[in-house]
Amino acid sequence: MKNKIIILLVSLMLWESNFAQFENFHWNNPKPQGNDLNVVHYSAGSNVFAAGDYGSILNSTNGGTQWELTTNYLPKNINGKYFVTSTLGFLVGDRGLILKTTDGGTTWEQQSSPIDTTLNSAYFFDQNNGFIVGDDGLLLNTTNGGVNWNNVSFTNYYSLKDIQFADANNGFIVRNSGGVYRSTDTGLTWSLYTSLPTPWLLTDVTFVNSNIGFITSVYTNKIFRTSDGGNSWNEIVLTGANGCNKIVFSDANSGYVFGTLGKIFKSTDVGLNWIELTTGTTASINDAYFITPFVGIAVGAGGIILYTINSGTTWSKLSENDCEYLFSIFFQNSNVGLVTGSKGKILKTTDGGETWVDKSVSNSLYPIDVVLFNSGLGYFIDYYGLGIYKTTDTGENWNYHTFSGFNGNPAKIKFLDDNIGFIVGINGGISRSTNSGDSWNVIASGTTSSLWGVDFLNSNTGIAVGADGIILKTIDGGSTWNSIVSGSTAFLRDIAYRNASTLFVIGDNGEFLKSTNGGDSWNTVILPTNESLTRIKFLNTNEGIIIGYAGTLLTSSDGGETWVVKQTNTNKSFSDFVIKDTTGIFVTGELGVIISFSPSIIPVELLSFNASVDGDNVNLDWQTATELNNFGFSIERKQVFSPQSAVSNDEWKQIVFVNGYGTTTESKSYTFLDEKLTSSKYQYRLKQIDFDGTFEYSNIIEIEIGIPVKYFLEQNYPNPFNPSTKISWRSPVSGYQTLKVYDVLGNEVVTLVNEFKPSGNYEVEFNASKLSSGVYFYKLQVGDFTSTKKMQLIK
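Because the structure is a prediction, the values reported are computed rather than measured.

1. Notes on the pairing of strand 72 (residues 785–793)
Item 1. Here strand 71 (residues 774–782) runs beside strand 72; their pairing, made up of nine bridges, is antiparallel. Note that in strand 72 the partner of Leu780 across the bridge is Ser787.
Item 2. Hairpin connection between strand 71 and strand 72: a loop of two residues separates the two successive antiparallel strands, and Gly783 in this loop has a positive phi of roughly 60°.

2. Thoughts on a nonpolar patch on the surface
Item 1. A contiguous nonpolar patch, built from Trp200, Leu201 and Tyr219 and spanning about 370 Å² of accessible area, is present on the exposed surface.
Item 2. Mapped onto the elements, Tyr219 comes out in the loop between strand 20 (213–217) and strand 21 (222–226).

3. Some remarks on the confidence of the model for the chain
Item 1. Here the chain shows a mean pLDDT of 88. Residues at 70 or above account for 92%.
Item 2. For residues 1–22, every residue scores under 50 in pLDDT, and the model assigns this stretch 73 contacts once sequence neighbours within four places are set aside.
Item 3. Scored below 50 in pLDDT, residues 643–648 shows 16 contacts in the model against residues more than four places distant or in partner chains.

4. Remarks on unusual backbone geometry
Item 1. Residues Asn719 and Pro720 are joined by a peptide bond in cis, for which omega reads 0°.
Item 2. Note on placement: Pro720 falls in the loop between strand 66 (712–713) and strand 67 (724–731).
Item 3. Phi is positive for Ser311, which is not a glycine, with a value near 60°.
Item 4. Within the secondary structure layout, Ser311 lies in the loop between strand 29 (305–308) and strand 30 (316–317).
Item 5. Even without being a glycine, Thr394 presents a positive backbone phi close to 55°.
Item 6. Residue placement: Thr394 occurs in the loop between strand 37 (387–391) and strand 38 (399–401).

5. As for the sheet that holds strand 40 (residues 421–425)
Item 1. With respect to topology, four strands assemble into an open sheet ordered 39-40-41-42, the strand pairing being antiparallel. Of all strands in the sheet, those with a lone pairing partner are strand 39 (410–415) and strand 42 (441–442), marking the two edges.
Item 2. As paired strands, strand 39 and strand 40 are joined by five bridges and run antiparallel to one another. For Lys412, the partnering residue across the bridge sits in strand 40 and is Val424.

6. Quick word on the pattern of salt bridges
Item 1. If you walk through the whole model with that rule in mind, you get 21 salt bridges.
Item 2. Here Asp116 and Arg95 are joined by a salt bridge, their closest N and O atoms 3.4 Å apart. Taken as a pair, Asp116 in the loop between strand 10 (109–110) and strand 11 (119–124) and Arg95 in the loop between strand 8 (89–93) and strand 9 (98–101) lie far apart in primary sequence, 21 residues in all.
Item 3. Ionic pairing is found between Lys348 and Glu396, a salt bridge with its closest N-O pair at 2.7 Å. With a gap of 48 residues between them, Lys348 in strand 33 (residues 345–349) and Glu396 in the loop between strand 37 and strand 38 connect regions that are remote in the sequence.
Item 4. Under the relative-accessibility criterion, Lys348 is labelled buried at 7%.
Item 5. Within this structure, Lys348, Lys359 and Glu396 form a network of salt bridges that share partners.

7. Notes on the packing of aromatic side chains
Item 1. Under the counting rule described, the total for this entry stands at 56 aromatic pairs.
Item 2. A ring pair is formed by Phe124 and Trp149, whose centres lie 6.1 Å apart and whose planes are at 90°; its orientation type is edge-to-face. A residue pair is termed long-range when its members are at least 10 positions apart, and Phe124 in strand 11 and Trp149 in the loop between strand 13 (139–142) and strand 14 (150–151) qualify at 25 residues. Across the pair, exposure class does not vary: Phe124 and Trp149 are buried alike.
Item 3. Seen from their ring centres, Phe327 and Tyr366 are 4.7 Å apart, and the 45° between their planes marks the pair as tilted. Taken together, the residues span a long stretch of sequence, with Phe327 in strand 31 (residues 326–331) and Tyr366 in the loop between strand 34 (357–358) and strand 35 (367–372) at a distance of 39 residues.
Item 4. With relative accessibility at 13%, the residue Phe327 sits in the buried group.
Item 5. Feature note: the residues Tyr82, Phe90, Tyr123, Phe124, Phe125, Phe131, Trp149, Phe165 and Trp190 constitute an aromatic cluster, connected by ring pairs.
Item 6. Stacked on the ring of Tyr158, the Lys or Arg Arg175 has its end atom at 3.9 Å from the ring centre.
Item 7. When the ring centre of Tyr697 is taken as reference, the NZ or CZ atom of Arg685 above it lies at 3.8 Å.

8. Observations concerning the sheet that holds strand 72
Item 1. In space, the four strands of this open sheet follow the order 69-68-71-72, with antiparallel pairing throughout. On the outer flanks of this sheet lie strand 69 (748–757) and strand 72, each paired with one strand and no other. Shown here is a sheet whose adjacent strand axes are inclined to one another by a mean of 15°, direction ignored.

9. Looking at the environment of Phe373
Item 1. By the secondary structure assignment, Phe373 is in the loop between strand 35 and strand 36 (378–382).
Item 2. Of the residues examined, Phe373 reaches a relative accessible area of 7% and is grouped as buried.
Item 3. Once you skip the residues sitting within four places of it in the chain, Phe373 turns out to touch Gln332, Gly378, Tyr379, Phe415, Asp417 and Asp418.

10. A closer look at the environment of Gly660
Item 1. Tracing the sequence through the fold places Gly660 in strand 61 (residues 653–664).
Item 2. Look at Gly660 and you get partly exposed, because its relative accessible area is 22%.
Item 3. Through-space distance from the C-alpha of Gly660 to that of Asn630 is 5.5 Å; in sequence the pair is 30 residues apart.
Item 4. Contact partners of Gly660, with chain neighbours within four places excluded, come to Glu627, Asn630, Phe631, Gly632 and Tyr670.

Cut-offs and rules
- Residues numbered from 1 in each chain as written.
- Predicted model: local features only at pLDDT ≥ 70, side-chain atom pairs only at ≥ 80, totals over all residues.
- Heavy atoms only, no water.
- Pairing = 2+ DSSP bridges.
- Helix = DSSP H or I, 4+ residues; strand = E, 2+ residues; numbered from the N terminus.
- Patch = residues over 30% accessible without salt bridge, like charges linked within 9 Å, V, L, I, M, F, W, Y side chains within 5 Å.
- Areas by Shrake-Rupley, 256 points an atom, 1.4 Å probe, with all protein chains shown as cover.
- Salt bridge = Lys/Arg side-chain N within 4 Å of Asp/Glu carboxyl O.
- pLDDT = per-residue confidence, 0-100.
- Contact = heavy atoms within 4.5 Å.
- Buried < 20%, exposed > 50% of the residue type's maximum accessible area, 1.4 Å probe, protein only.
- Phe/Tyr/Trp six-rings, centres within 6.5 Å; stacked < 30°, edge-to-face > 60°.
- Lys NZ or Arg CZ within 6 Å of the ring centre and 35° of its normal.
- Axes fitted to C-alpha atoms, helices over the stretch in contact; angles between N-to-C directions.

What follows is the structure, given as C-alpha cells:
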C-alpha cells in the first residue's frame, strides 16, 4: 500500500490589502510647507537653504525669494547649524541627527552619531575641529571633521542650547535652566559662570567680535550684553518683547533680535539701543541670515519666511502662513470646500484644495465648526462669539444668524439631512433645528458637562460625548438624551459608527472606547499612542482614520479592531479632517495646517498569503503587488492547540525574518519552509516592517499538522555530524516510546527518550561531544514497532 500524504491548503486573498498605508502627504497650506523652520543660511551664489522640524529642508536658488521643499529626515527635528566655509556645513537635530554638506546645502549626508540624544547647536574652529551641544548636558567634539565624535565629560544634566567661541580660547555654552558655562582653554574644560544674572530658558549666545557678545532668553524681554569678552554682562530691556530667540548681526554695527509673536528689534550701535520693527506676522522667528547689510531672510514657526531688502525696515512674507489655528474643514463637493479657524479665519477653495482664498469674518471671534449644503446654504458656529453665522452663497458672504442657543459656548454642529441639525456645547448644551438651521430649540441634556462631539446612526439614534467621560444617547431623534456609563473620566471629543452595533469614541491622552451593542455599554481599548485624539471617521466598513495632537495619525484596516500609528510629515496638532472623495483626505490643524493625502497609495500591497502542509512541514508563500520602503517581513507562529499537552498557547514567536525589496512597482513572491513540526494546530501571520520601524500585521491563517498514519524513523540530520545531530520520528498511536543510541559493538551509549508519548511527530537533539569518532546506531521502539538507522560521527 502506498504512503498516504495529507495535503492541507489554506489561502487568504487580501485584495483590499491589510498593509494599506496613507502616504504622499502634500502641503496645501501654508506653502511651501508648515513645519517650524529653525535655521536659515546663505551659502554661495544665489543658493539659500532653511531647515527645521520633522527634518524639513527647503532650498532656494534665487537668493531666497522662491522656495522648494527638497528633503525630509522624518521625524527628527533639525535644531541648529554651523558653516565652516561657504560650502562646508553641519546641521544637528533630534535623536543624534548630524548632517553634513560639502556643496553649500544643496545635498546633505547623514553622519555616524554615537548617541540618540537631541542635539541643539554646533560650533567649528576649522574644517576638522568642532563641538556639538545637546540635551542632558551633552557635549561632543570632533577632530576629524565629524567623521568621529567624542563625548566630553560634563557635570550637568541640563539641556545645553547653544555654543559660541569669542576667540580661539574663550567659549560659552548657555543652558535652558539659566546657567552659562565658560571655557578659557579652547573647550577642554568648562565651568559654570556665575557673574551673569541669567533667567530661565536661555536660547542663544552670539559674539560680534572677541569683546562684544550677547545672550538671549525666550523667557523674558531682556537680553544680556558684554563688551569685555564675557567677563561682565549688562542687562538690556527690549520694550514690547515677549521673548528673544536669536541675535543676528548684518555688519559690525547693525544687529537684530528675533523673538516670539513675530517680534523683531534692530540696533545700529552694536546692541546698545534697540527699536521694534514691523513684521506683519505673529509667528515666532527662530533664525535669520543677512546676505548683505540690506538683504535678509528670517524663518520661524509654521514655516514662516520673511524677506527684507531695506535692512529690516519692511519685511515681505514669502510663505502663506497666517498662524491661525484651523479647527474645521467641510467639502460641499470634490472642488468646493471651507475651513474655519481662530480670529474669524475662513478659507475657501474652488479647485479641490490646491489653493485657498481668505473669506474671513472680521466680527467673528472663534469659528470652530462649519457645514455646507449643496444649495450653497451653510453655517459655522462661533465658540467665543456664542452664536452662529449663515451663508447663502457657499461662503462668499457671512451674516450673524439668530440663535437662541443655550447657556454655554457652541462646540459642534451636525446636520443629519437638509432639515435636521444639532449643535452641542459647553454646560451640556444641545439645540436642534428642523428647518435647515433657520431656528433652533434648546433640548434638555440632563448634564452640565461640556459636550464636544455628536453623531447619528440614523434619524432616531445618536450619541453625544464630552468632558468627564460623558456619553449621552438618544433613540427618539434627539428629543430626549440618556446618560450612559462610559467607565472613563477623560475629555471625549468625537464618535464614529462602524455599523449599527459597533461604534468608537476618542478623547484626550489616547482615550479610546468601543461599544459592540449600539452604545449601551463601553469598554476601554488601549491604543499605541498617548496623544490626545480629536477626530475619528471610517472610509468604509474596514478602513478607519484617527487624528490627534503632534501630527498623530492612526489607521485601521480591520474595522477598528487594531490601529497602527502612521508617520505623517509634521508634528503640528491636527483638529479635523474630511474624506473629500476616494482620492483625497484633507487634515487641518495648528498654525494654519492643511495637509492632503491619498488613501489609494499602498506602499506594501499584499496580494496573497498561503500555507500548505506536507507531512510535518508547512510551506508558506506570499506575494506583493507593489512595495514602498519595505524593510521586510517577520514570520510569526503560534501553536494554538497541541494534542500532546491538550492546551492552547497564546504567545506569538518570530521564527524568521525575510528581507523585502525596498521600493518596487513590480510584483514580488516570497516563500519559507517551516520544517519538522509536531502534530498540532498552528497559526501564522506576517509582520511587515518599514525602514522607519512602523509595521502592520497580515490576517492570520491557521493550519493543522495531522496525526501520522504510520510509524517512521527519519534519517538523522546532519549525517555525518560533529558534534550534534537531530533525530525525528512519527508515531500514529500513543504508547511508551524509547530512543537509544548504540556503538558498533552493540553497547548502549545513551538513552534519548524513555517515556509515554501521545501520537505525533517528534524530534530530539543528540550531542556526541564526549564520544569518539565512529559509526553509531539509533533505535526507536514503540510497542511492537522497532526501527534502527546508522549515523556517523566525524571529529
